Structure formats: C-alpha cells, structure tokens
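Coordinate inspection notes
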Amino acid sequence: MKIFTETEALLKYPAGIAIYLQCLYRELARLLPDMEIFSGLQCMRMNTVKEWKHRVKQLMPQPVHNKVIFFPARAREILPQVVRKRICFHAKDYDLLHLAANGCPPWTPFDSLHKAVLTIHDMFPFHRDIPFPETAVIRHQLETLPQQAREAAAILTVSEFSKKEIIHFTGVEESKIFVTPIASQQPQDERLLNKTDSTILNRLHLE
C-alpha cells in the first residue's frame with residue numbers, strides 16, 4: 001500500500017502533532033510491513049527543506065520515499081508546464097492520503113479527498129469567541145475544513161468531545177468519524193522526569 005502523509009508537522013517536534021505522526025506510523029509499520037510511505041513539503045527555503053528531510057529521516061519508522069518539494073503556487077505559475085506537472089501533488093499516485101494536521105494544506109486538490117483520511121484534533125478556530133491569531137493556515141481551515149470533512153473517506157479524532165464538535169461545525173455524518181485517543185508517551189515522560197524533579201510522582205500520589 002502506498003500512503004502519502006503530510007509531514008510538515010515534524011518540523012515542530014516535539015509538539016503534539018509531530019509525536020502523533022511518529023507514534024502512529026511506528027504502529028502502522030508494525031501492522032503493515034509492506035506499507036510504503038511517501039511525503040512532500042511545500043517550501044522553497046533550503047534551510048527549512050534540509051531540516052524537514054532530517055526530521056523525516058530521524059522520526060519516521062522507516063524510509064519515506066518520493067520527498068518531493070512542492071513549490072508555492074506563485075512559483076509554479078512562472079515555471080514551464082512540463083516542470084509544473086513534475087513538481088505538483090498528484091493524489092492518483094497513492095492508495096491513501098493521510099492528512100494529520102487538521103485537514104489538508106492548500107496545495108492538496110479537493111478532488112483527491114475521496115481517498116483521504118483526515119485527522120482533526122480539534123475545532124478551536126471555529127469558536128469565534130476564543131481569541132487567537134488568525135494566520136493563513138487558520139483562515140484556510142475556516143474556509144475549507146467543513147467541505148474537506150464532508151468529502152473525505154474517513155476522519156480520525158482524539159476524543160468523543162472533538163467528534164461532537166466536528167459533527168456540529170461541519171455537518172458530517174457520525175459514521176465516518178473514528179475516535180482514537182492519544183496514547184501515553186510513557187518512555188519519553190519517564191526520561192524527562194529522571195532529568196528534572198524526581199519527587200513529582202510522589203507529590204501527586206502516583207506510581
């Protein structure tokens with residue numbers, strides 16, 4: 001099986017979505033030993049591309065193929081058509097798309113979502129009473145996430161609460177949303193505790 005997964009979140013390791021990706025694909029590699037993982041990044045800054053490649057190699061459980069660098073739309077417009085065809089994202093090349101960071105990024109065409117699995121962690125941008133910086137990514141989610149959710153093959157989310165929020169804000173049917181609670185990072189947490197305050201567990205009356 002050829003799976004394309006969006007790995008830009010790995011640049012923010014050890015942030016939550018990066019750890020989610022790492023743990024999820026470690027388990028998938030165990031369950032699906034014949035799985036091939038593909039990925040790409042939309043960026044023209046060579047330092048960022050270099051760091052991304054390093055993170056993918058360091059954090060993903062097996063080699064990630066086809067590390068295409070997807071050019072931003074403004075750059076694609078000035079390139080010859082034969083070059084654009086080569087560097088653009090083509091969903092048809094993969095059996096499954098997994099988009100793990102609250103929906104698909106702007107460079108993923110909507111007509112590919114019939115074989116996409118979205119991981120939607122939460123719907124906080126849709127709570128307009130919560131103050132937050134409205135970045136380009138947030139605006140993209142507000143404008144497109146409901147349609148993405150309706151067109152995707154399936155949705156993963158992390159809690160029953162988030163599932164209810166997704167249904168409320170997108171109108172998607174309940175049957176296509178699967179709750180997969182996030183597991184403990186016990187080995188990492190234990191190493192962190194050993195480096196910091198060893199009395200924390202005792203003070204919280206935890207083993």
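As the structure is a prediction and not an experimental result, all values here were calculated from the model.

A word on the side chain of H121
- Take H121: it is sitting in the loop between β5 (116-119) and α5 (136-151).
- On the accessibility criterion, H121 (10% relative accessible area) is buried.
- A distance of 2.8 Å separates the side chain of H121 from the backbone oxygen of A100, its partner in a polar contact.
- Residues within four places of H121 in sequence aside, it is in contact with I17, Y20, A100, N102, T157, V158 and S162.

A word on the nonpolar core
- Residues F4, F89, L97, I120, I155 and I166 are the most contacted members of the largest nonpolar core, which totals 26 residues.
- Those elements that place two or more of their residues in this core are β3 (64-70), β4 (96-99), β5 and α5.
- Considering each element in turn, this core owes the most residues, four residues, to α5.
- Residues A9, Y25, W52 and A100 belong to the second largest nonpolar core, which totals 22 residues.

With respect to the packing of aromatic side chains
- If you walk through the whole model with that rule in mind, you get three aromatic pairs.
- Pairing F4 with Y94 gives two aromatic rings, centres 5.2 Å apart and planes at 50°, and the pair type is tilted. Of this pair, F4 sits in strand β1 (residues 2-5) while Y94 sits in the loop between α4 (81-87) and β4; the two residues are 90 residues apart in sequence, bridging distant segments of the chain.
- Residue classification places Y94 among the buried positions, given a relative accessible area of 6%.
- Here the aromatic residues F4, F38 and Y94 are joined through ring pairs into a cluster of three or more.

Quick look at the side chain of Q141
- Summarising the element assignment, Q141 is placed in helix α5.
- Taking the relative accessible area as the measure of exposure, Q141 reaches 9% and is therefore buried.
- Here Q141 is in contact with A101, N102, P125, F126 and P146, once residues within four sequence places are set aside.

Details of α5
- The first and last C-alpha atoms of α5 sit 22 Å apart over 16 residues, in line with the 22 Å expected at 1.5 Å per residue.
- Along its length, α5 reaches its greatest deviation from straightness, about 55°, at T144, and the proline P146 lies no more than four positions downstream.
- Of the residues making up α5, those classed as buried are I138, H140, Q141, L142, T144, L145, P146, Q148 and A149.
- Buried residues belonging to α5 abut β5, β6 (154-157) and α6 (160-170).

Cut-offs and rules
- Throughout this document, residue positions are counted from 1 along each chain, in the order its sequence is written.
- Totals for whole chains, interfaces and linings use every residue, but because this is a predicted model, local features are given only for residues with pLDDT of at least 70 and side-chain atom pairs only at 80 or more, for both listing and counting.
- Water and hydrogen atoms were dropped before computing side-chain values, which therefore reflect all heavy atoms in the structure.
- By the criteria applied, helices consist of DSSP H or I runs no shorter than four residues and strands consist of E runs no shorter than two, each listed in order from the N terminus.
- Only protein chains enter the calculation, and the probe is 1.4 Å; a residue is then buried if its accessible area is under 20% of its type maximum, exposed if over 50%, and partly exposed in between.
- Counted as a polar contact is a pair of N or O atoms within 3.5 Å, where, for protein atoms, one must be capable of donating a hydrogen and the other of accepting one, and residues adjacent in sequence contribute only when both atoms are in side chains.
- Contacts were defined at the residue level, with two residues in contact if any of their heavy atoms lie within 4.5 Å.
- To form a nonpolar core, buried Ala, Val, Leu, Ile, Met, Phe, Trp, Tyr and Cys residues must be joined to one another through side-chain atoms within 4.5 Å.
- Stacked, tilted and edge-to-face are the three classes assigned to paired rings of Phe, Tyr and Trp, where Trp is represented by its six-membered ring and a pair needs centres within 6.5 Å; plane angles under 30 degrees give stacked, over 60 edge-to-face, the rest tilted.
- A helix is expected to reach a length of 1.5 Å times the quantity of its residues less one.
- A residue's bend is given by the angle between axes fitted to the 7 residues ending at it and the 7 residues starting at it.

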